[in-house]
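Coordinates in review
Okay, here's what each chain looks like letter by letter:
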Amino acid sequence: MSPDLMNYLPLILLGLVALVLAVWVLSRLSRKARVVSDDSAAPLVRDVLDEGAAPAPRNQALIDAPRLAEVQETVAPPPPVTDGDAAPDAAPAAATPAAATPDDLTRIKGLGPKLAALLGELGITTYAQIAAWDAAEIERIDAKLGRFSGRITRDQWVEQAKLLAAGDESSFVAKFGQNG
């Protein structure tokens with residue numbers, strides 16, 4: 001080593017120690033969690049739930065959603081009571097579109113198994129039912145979809161259902177693609 005470097009070595013080491021000390025002090029000062037001392041007799045206990053945190057907004061839809069029994073009462077009223085003289089060939093269930101053979105609603109883009117099950121609970125099982133929706137019906141059903149709301153218009157369910165109900169596979173595939 002050169003004699004000049006030997007003269008400055010203690011100063012360099014002292015500067016390095018000061019730099020390490022300064023970095024340590026700055027890191028301690030920038031910590032977000034600090035221990036707060038309290039002079040009262042009771043120890044300081046802090047609970048996040050005591051601060052009045054509101055419920056998570058994503059759970060609010062589940063909290064506000066009606067029970068399944070309430071939904072079924074509003075969608076599918078009980079069949080009318082008839083006496084034994086009614087004709088056996090008169091099938092009141094066949095008059096409703098829901099009684100038709102259910103379609104595979106998951107063929108509609110944006111409508112997966114969970115939504116198909118939810119629509120089934122609401123009595124919607126065919127493409128024809130979805131194809132017949134007007135703006136008011138779309139709004140009513142959309143309000144019951146919870147976290148899936150907005151999908152009816154965004155994914156164009158009514159237009160897809162019209163093509164599928166008509167059996168127009170080529171137009172459906174040309175406009176919406178092959179499912180799968």
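Residues numbered from 1 in each chain as written. Predicted model: local features only at pLDDT ≥ 70, side-chain atom pairs only at ≥ 80, totals over all residues. Heavy atoms only, no water.

1. Quick notes on the nonpolar core
Of all hydrophobic cores here, the largest spans 24 residues; its most connected members are L111, L119, I130, W133 and W157. Elements with a minimum of two residues in this core: α4 (113-121), α5 (127-131), α6 (135-143), α8 (157-166) and α9 (169-176). Beyond its immediate chain neighbours, meaning those up to four positions away, I130 contacts L105, I108, L111, L119, I124, W157, V158 and A161. (Core = buried A, V, L, I, M, F, W, Y, C linked by side-chain atoms within 4.5 Å. Buried < 20%, exposed > 50% of the residue type's maximum accessible area, 1.4 Å probe, protein only. Helix = DSSP H or I, 4+ residues; strand = E, 2+ residues; numbered from the N terminus. Contact = heavy atoms within 4.5 Å.)

2. Re α4
Burial in α4 covers these residues: L115, A116 and L119. Seen end-on, α4 carries its buried residues on one side only, within an arc spanning 100°. Seen from the open side of α4, the exposed residues pointing more than 90 degrees away from its buried face are P113 and K114. Buried residues in α4 make contact with α5, α6, α7 (151-154) and α8. In the stretch just after α4, G123 is the one whose phi turns positive, near 90°. (Arc of directions from axis to C-beta.)

3. Considering the packing of aromatic side chains
Taken as a whole, this structure holds one aromatic pair when the rule is applied. Considering the side-chain rings of F172 and F176, the 5.6 Å spacing of their centres and the 40° angle between planes classify their relative orientation as tilted. Taken together, the residues span about one helical turn, with F172 and F176 both in helix α9 at a distance of four residues. In this structure, F172 and F176 share a single accessibility class: buried. (Phe/Tyr/Trp six-rings, centres within 6.5 Å; stacked < 30°, edge-to-face > 60°.)

4. Section: the pattern of salt bridges
With the rule as written, the count across this model stands at three salt bridges. Here E169 and R107 are joined by a salt bridge, their closest N and O atoms 2.7 Å apart. Within this pair, whereas E169 is found in helix α9, its partner R107 is found in the loop between α3 (68-75) and α4, the two being separated by 62 residues in sequence. Owing to a relative accessible area of 24%, R107 belongs among the partly exposed residues under this scheme. (Salt bridge = Lys/Arg side-chain N within 4 Å of Asp/Glu carboxyl O.)

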